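Structural features, examined
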Amino acid sequence: MMKMVFLLGIVALLTGCNSIQKDEFVITGTISSYPKEVLICAYQTNGDFILDTIRVENGKLSYRKKLQEPVVASLVSRDPHNIIPSGMGVVPGPSVTLFMEPGTKLEINMDNARWPELQWKGGAWNNDLMKLYVKTLPLEYEMFELLRKSYVSGVTEDEKVALGEQRMALAEKEKEEKIRFIKENPSSYAAMYLLSGMRNDFTLKDYAATFAAFDQALREMPLGKEMQGAIDIALRTEVGAIAPDFEKVDKDGNTIRLSDYRGKYVLLDFWGSWCSPCRDSHPHLKEIEAKYRDKGLVVINVATENGSKAREIWLQAIEEDGMTWTQILNNEGKDKCDVVKDYAITAFPTKVLIDGDGKIVVRAVGESEPIDAKLKEVFGE
């Protein structure tokens, strides 16, 4: 009898160790040739950025987390081989997006020598992602290896260009695979989540149509409602629409209202001090402002900054770039007026040209040529 009780106790103990509570997310599995004791599971929750550790012991993975709702996370390597030294810093290697679903166990199997390639199963959302990852993670591996070669001592500029072109071709192939996956899986939350981060890879018309093809139940989820709201705003701020009015305070404390500039052409430049392409475009923006200011063009820069020293960093960048016209920091008073959101800005730099009647006539992401052409048409040489 005692033996039977003892055996039942062992069974209960083992069952308890392997069971998953409704509010738990568990990772198990294996990773071979991994030199560290942890992987990183990085995610945001309640506004906080969390770096959790996934234990690695004798190649076996172990992680358990209590959750109230699903969380999107990134699987990050701590292997020094999976980063590239660059000057005083490093170029981080690829990470892997995963869904932490309460009541789910994710079983991962991978060879660290081919990071970030893996196989996994566990939960409908992650299982859907795996259908895509079979095709895209090998591409991620190849792209990072090509990038590594471009940092090797002695590589020539011509070789770097060739390596860059190879990476671009692989990146385009990866994008095509993602778009195919999104369009072929209208019942998949994973597909809708991917679409949410690929706004600039679609025309607005195609993006809206692709979203509309998802199951209604998905579109009514919080992410779906957020995406629908962004689409609605984007449709209201496309070329031909009346530009949303706004009221903000500039760097000198002056109240700036878009409606005060009716009768003039207004060029909004959305940028940030951290955005290299934005800063690179400012010398040309200075030329445009000087060339057309007396002909009826008003330039307004709208910046987005990060951190507690946002204003200080912003003002320094304005001075460094020699911009003497109207400057607005969108962070300030954002709770009352968010110009970036109201204009559906999803990439920096974005320039929006508004005519004297308040109508949007050009939207340009990352390029100035369409703006230049329109200004030449309106104002002449």
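Only a predicted model underlies this, so the values are computations on that prediction, with no experimental measurement involved. (Residues numbered from 1 in each chain as written. Predicted model: local features only at pLDDT ≥ 70, side-chain atom pairs only at ≥ 80, totals over all residues. Heavy atoms only, no water.)

Now for the packing of helix α8 (residues 276-292) against helix α9 (residues 310-321). The relative placement of two packed helices is expressed as an angle between their axes plus a distance between the axes. One can describe the packing of α8 onto α9 by two numbers: an axis separation of 10 Å at closest approach and a directional angle of 50°. Compared by their axis directions, α8 and α9 come out oblique. In this structure, α8 crosses over α9, and the sense of that crossing is right-handed. Along the contact surface, α8 presents R279, H282 and K286, while α9 presents A317, E320 and D321. (Axes fitted to C-alpha atoms, helices over the stretch in contact; angles between N-to-C directions. Helix = DSSP H or I, 4+ residues; strand = E, 2+ residues; numbered from the N terminus. Parallel < 35°, antiparallel > 145°, perpendicular 65-115°, else oblique. Left-handed = near helix turned anticlockwise from the far one by under 90°. Contact = heavy atoms within 4.5 Å.)

Moving on to the nonpolar core. Formed by 50 residues in total, the largest nonpolar core has its most connected members in L39, L75, M100, I108, L118 and W120. Membership of the second largest hydrophobic core comes to 24 residues, among which are L297, V299, I318 and W325. (Core = buried A, V, L, I, M, F, W, Y, C linked by side-chain atoms within 4.5 Å. Buried < 20%, exposed > 50% of the residue type's maximum accessible area, 1.4 Å probe, protein only.)

Attention shifts here to the pattern of salt bridges. A full pass over the atoms with the stated rule returns 20 salt bridges. E172 is paired through a salt bridge with K175; the nearest N and O atoms lie 3.5 Å apart. With E172 and K175 both in helix α3 (residues 157-184) and three residues apart, the pair spans about one turn of that helix. Given the relative accessible area of 37%, E172 is considered partly exposed. (Salt bridge = Lys/Arg side-chain N within 4 Å of Asp/Glu carboxyl O.)

Attention now moves to helix α7 (residues 222-236). A turn of α-helix holds 3.6 residues, and therefore any two residues three or four places apart point the same way. Given a rise of 1.5 Å per residue, 15 residues ought to cover 21 Å, and the 21 Å separating the end C-alpha atoms of α7 matches this to within 8%. Those residues of α7 that fall on the buried side of the exposure criterion are L223, G224, M227, I231, I233 and A234. Considering only its buried residues, α7 is in contact with α4 (189-196), α5 (204-212), α6 (216-219) and α10 (339-342). (Expected span 1.5 Å × (residues − 1).)

Next up on the list: the packing of aromatic side chains. Overall, the coordinates contain twelve aromatic pairs when judged by the stated rule. A ring pair is formed by F246 and Y343, whose centres lie 6.4 Å apart and whose planes are at 75°; its orientation type is edge-to-face. Taken together, the residues F246 in the loop between α7 and β11 (247-249) and Y343 in the loop between α10 and β16 (350-354) connect sequence positions 97 residues apart. We classify F246 as buried; its relative accessible area is 4%. Relative to Y343, the ring of F270 lies with its centre 5.9 Å away and its plane at 40°, an arrangement referred to as tilted. (Phe/Tyr/Trp six-rings, centres within 6.5 Å; stacked < 30°, edge-to-face > 60°.)

Attention now moves to the sheet that holds β16. On the basis of which strands lie adjacent, the open sheet formed by five strands has the order β15-β14-β13-β16-β17 and mixed pairing. The sheet terminates laterally at β15 (326-329) and β17 (360-365), the two strands that pair on one side only. For this sheet the average axis-to-axis angle between neighbouring strands, irrespective of direction, equals 15°. Inspection of the sheet shows strand β13 (residues 265-271) paired to strand β14 (residues 297-303) by seven bridges, in the parallel sense. By the bridge assignment for β14, D269 is matched with N301. Along the sheet, α8 contacts β13, β14 and β16; its crossing angle with β13, the most-contacted strand, is approximately 165°. (Pairing = 2+ DSSP bridges.)

Looking now at the side chain of E117. For E117, the location among the structural elements is in the loop between β9 (104-111) and β10 (119-121). Polar contacts involving the side chain of E117 include one to the side chain of R114, which spans 2.5 Å. Setting aside chain neighbours within four positions, we find E117 in contact with M110, L137, P138 and Y141. (Polar contact = N/O pair within 3.5 Å; in protein donor to acceptor, adjacent residues only side chain to side chain.)

With that settled, the discussion passes to the confidence of the model for the protein. Averaged over the protein, the pLDDT score is 92; the fraction of residues at 70 or greater is 95%. In this model residues 1-17 is a low-confidence stretch, pLDDT under 50, and it forms one contact with partners more than four residues away in sequence or in other chains. (pLDDT = per-residue confidence, 0-100.)

In spatial order, the strands read β8-β5-β2-β3-β4-β1-β9-β10; together these eight strands make up an open sheet with mixed pairing. Either end of the sheet is taken by a strand with one partner, and the two such strands are β8 (96-100) and β10. Here the average twist between neighbouring strands, direction ignored, is 25°. Sheet topology note: the strand β3 (residues 48-57)/strand β4 (residues 60-66) ladder contains three bridges and is antiparallel. Across the sheet, residue R55 finds its bridge partner in β4, namely S62.

Time to look at unusual backbone geometry. For the bond from W115 to P116, the omega torsion is 10°, close enough to zero to count as cis. Summarising the element assignment, P116 is placed in the loop between β9 and β10. Of the consecutive residues F348 and P349, the connecting peptide bond is found in the cis state with omega at -5°. Here P349 shows up in the loop between α10 and β16. A positive phi is found at S33, a non-glycine position, where the angle reads about 55°. Take S33: it is sitting in the loop between β1 (24-32) and β2 (38-45). One non-glycine residue, N58, adopts positive backbone phi at about 55°. You can see N58 is positioned in the loop between β3 and β4. The exposure class assigned to N58 is exposed, which follows from its relative accessible area of 77%.

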